[in-house]
Each structure stands twice: as C-alpha cells, then as structure tokens.
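Here's the letter readout for the chains.
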Amino acid sequence: MIVLLGVVVVILGFVTRRNPVLVVGVAGIVTGLLGRMDPLEVLAAFGRSFADSRSVTVYAIVLPVIGLLERYGLREQARNLIGRLGRLSAGRFLTVYLLVRQVTAAFGLNSIGGPAQTVRPLVAPMAEAAAERSTGRKLNERWREKVRSYSASADTVGVFFGEDCFIAIGSILLITGFVNSTYHQDIEPTQLALWAIPLAVCAFVIHGARLLLMDRQLEREMALASAEHDLPLPEKAAEKGAEK
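Residues numbered from 1 in each chain as written. Predicted model: local features only at pLDDT ≥ 70, side-chain atom pairs only at ≥ 80, totals over all residues. Heavy atoms only, no water.

## Overview of the nonpolar core
Counting 25 residues, the largest nonpolar core has Phe93, Leu94, Leu139 and Met214 as its most contacted members. Breaking this core down by element, the ones donating at least two residues are helix 5 (74–83), helix 6 (90–106), helix 7 (115–135), helix 8 (141–162) and helix 10 (189–229). A per-element tally of this core places helix 7 first, with seven residues. When sequence neighbours within four positions are dropped, the list of residues in contact with phenylalanine 93 reads Ile82, Leu88, Val123, Met126 and Ala127. (Core = buried A, V, L, I, M, F, W, Y, C linked by side-chain atoms within 4.5 Å. Buried < 20%, exposed > 50% of the residue type's maximum accessible area, 1.4 Å probe, protein only. Helix = DSSP H or I, 4+ residues; strand = E, 2+ residues; numbered from the N terminus. Contact = heavy atoms within 4.5 Å.)

So this is what it looks like as structure tokens:
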C-alpha cells in the first residue's frame, strides 16, 4: 500500500498549483522507487509509456503547423473565401458545418476537424466574415466571442451526436461491453448505432435552429446599433436626458 503515496504527491502538487507535468513526473518517480524499482527501471517505464501513447504528443507537431499557416494568412484567406459567397450568413454556414461534422463522424472520421485544427484557424474566421458581410457592420467584441463560441459548439455537437452512429467507436463498444457483461444481455453495436441516428437528427434540428436564430439576434442588434448611430445629435441628447 505504500506505493499509493504517489497519489498523495499528485494531490499535494495540484493543491499547491505546481506544474502538472512536473507533479506527474515526480509522482511517477516516487511510486517507482517505493515499489522497489531501480532508477533505470523507472526511466524505462517512462520511455515505454511515452512510446505507447505517441498520439498524446501529436499536438507538439500540430500546433506549430497551425501557427505557421495563420502567420502566412490562413485566417485572412478563409475570410476572403466566405466573403465571396453572397447569401451565406454565419448561422447558415455553421449549420452546414454542423451537418458535415455529423456525417463525417458517423463514418468514423472524427479527426478531420476539431477546435484547435479547424475551428480556430478556419471555421471561426469564416463565420465572423459571414456575419459581418450579412449585417454590413463590424462585429463588436461581445458578438465576435459569441460567433466563435457558436463555431466551437457546431463542431462539438456534430461530433458528439454523430460518432455514436459509427459501430466501431469507443463509446459504443464500451456501452455494449458493459451492458452485456453486467446485465447478461446480448446487445450488438449495430443496435445502438441505429438508435443513435434519431438522436443525431434531433440534435441537428435543435442546434441548427439555434444557429439560425443567432442570425436574427445579430441582425436585430446590429439594426438597433445602426439606428442609434444615425440619430441626430439633439435626439441623442434628449434620449440621454430621458435616461437620466
């Protein structure tokens, strides 16, 4: 039981707000030494864990690539592209993206998008450009953040409700394995995948309606802001006096 002191090291490290990588590393070394492993065995265990979890460190390659693409105009080109599509508003664009993410996730293609590699450099700038083009005004900071959050939600909702339609996804296999072993059932992954289709359709209708409603809210607020900006100076002074 003494090897569980490594868990205490993790707890103390997080409570004192130390660097998470340093805390986990020290906890692993402490656990190994308390388990009567020599330093070389501890180092070998770290190496095996790193080699078995190489996908965790993919971000170290992806993030610099995305940074270079943004530096050389990826976001600007995305905004220019969406500006050429005349009738495409932010809500319509994000609804199309939501549908694409659901369909691709239903076929197991989860990794073709995501908040870091797709939403931030491409989807969010395109949605902002579509919103500005449809309203004819620059977005203020509040609405810019709102459009970005809706962009991230379109990606998340699409993947979350679309991936369950794929029979080989981890969540489906986990559910079937747990239910079959615990409750002695004989559920096939295809059964859960088929029942996930109506849920995915409902998620698309509900969230798609929210995305389209965002367009109306944005147009209404921009119209009010434009009307206030175009008021003559005496009327603005009268309104300020009435508010006081």
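## Quick word on the packing of helix 7 against helix 8
Packed helices, taken two at a time, are described by the angle their axes make and the gap between the axes. Two numbers describe how helix 7 lies on helix 8: the axes approach to 9 Å, and their chain directions differ by 130°. Taken together, helix 7 and helix 8 sit at an angle that is classed as oblique. As for how helix 7 packs across helix 8, the hand of that crossing is right-handed. Residues Pro115, Val119, Val123, Ala124, Ala127, Glu128 and Glu132 of helix 7 form the contact with helix 8, whose own contacting residues are Arg144, Val147, Arg148, Ser151, Ala152 and Asp155. For the contact of helix 7 with helix 8, the residue count by class is seven nonpolar, one polar and five charged. (Axes fitted to C-alpha atoms, helices over the stretch in contact; angles between N-to-C directions. Parallel < 35°, antiparallel > 145°, perpendicular 65-115°, else oblique. Left-handed = near helix turned anticlockwise from the far one by under 90°. Nonpolar A, V, L, I, M, F, W, Y, C, P; charged D, E, K, R; others polar.)

## A short note on the side chain of threonine 118
Mapped onto the fold, threonine 118 is located in helix 7. Excluding residues that lie within four positions of it along the chain, threonine 118 makes contacts with Tyr97, Ile112, Gly113 and Val123.

## Brief notes about the pattern of salt bridges
For the coordinates displayed, the defined rule picks out seven salt bridges. Arginine 148 is the salt-bridge partner of glutamate 145, the closest N and O atoms lying 3.2 Å from each other. Of the two residues, glutamate 145 and arginine 148 are both situated in helix 8; the distance of three residues between them amounts to about one turn of the helix. Assessed through its relative accessible area of 31%, arginine 148 is described here as partly exposed. If you follow the salt bridges from partner to partner, you end up with Glu128, Glu132, Lys138, Arg144, Glu145 and Arg148 in one network. (Salt bridge = Lys/Arg side-chain N within 4 Å of Asp/Glu carboxyl O.)

## Looking at the confidence of the model for the protein chain
Averaged over all residues, the pLDDT of the protein chain equals 82, while 87% of them reach at least 70. Mean pLDDT per element in the protein chain: helix 11 (residues 233–243) is the minimum at 47, and helix 6 is the maximum at 93. Here residues 233–240 is modelled with pLDDT under 50, and outside its nearest four sequence neighbours on either side it reaches four contacts, counting other chains as well. (pLDDT = per-residue confidence, 0-100.)

## Points about the packing of aromatic side chains
On inspection of all chains with the given rule, the structure shows two aromatic pairs. Judged by centre distance (5.0 Å) and plane angle (75°), the rings of phenylalanine 160 and phenylalanine 161 are edge-to-face. For the ring pair phenylalanine 178 and tyrosine 183, a centre distance of 6.3 Å and an interplane angle of 80° mean the geometry is edge-to-face. Exposure remark for phenylalanine 178: the relative accessible area of 48% places this residue in the partly exposed category. Sitting over the face of the ring of tryptophan 143, lysine 146 holds its NZ or CZ atom 4.7 Å from the ring centroid. (Phe/Tyr/Trp six-rings, centres within 6.5 Å; stacked < 30°, edge-to-face > 60°. Lys NZ or Arg CZ within 6 Å of the ring centre and 35° of its normal.)

## Section: the environment of leucine 212
You can see leucine 212 is positioned in helix 10. Along the sequence, leucine 212 and glycine 91 sit 121 residues apart, while their C-alpha atoms lie 4.6 Å from each other. For leucine 212, the residues in contact, after removing those within four places along its chain, are Gly91, Arg92 and Thr95.

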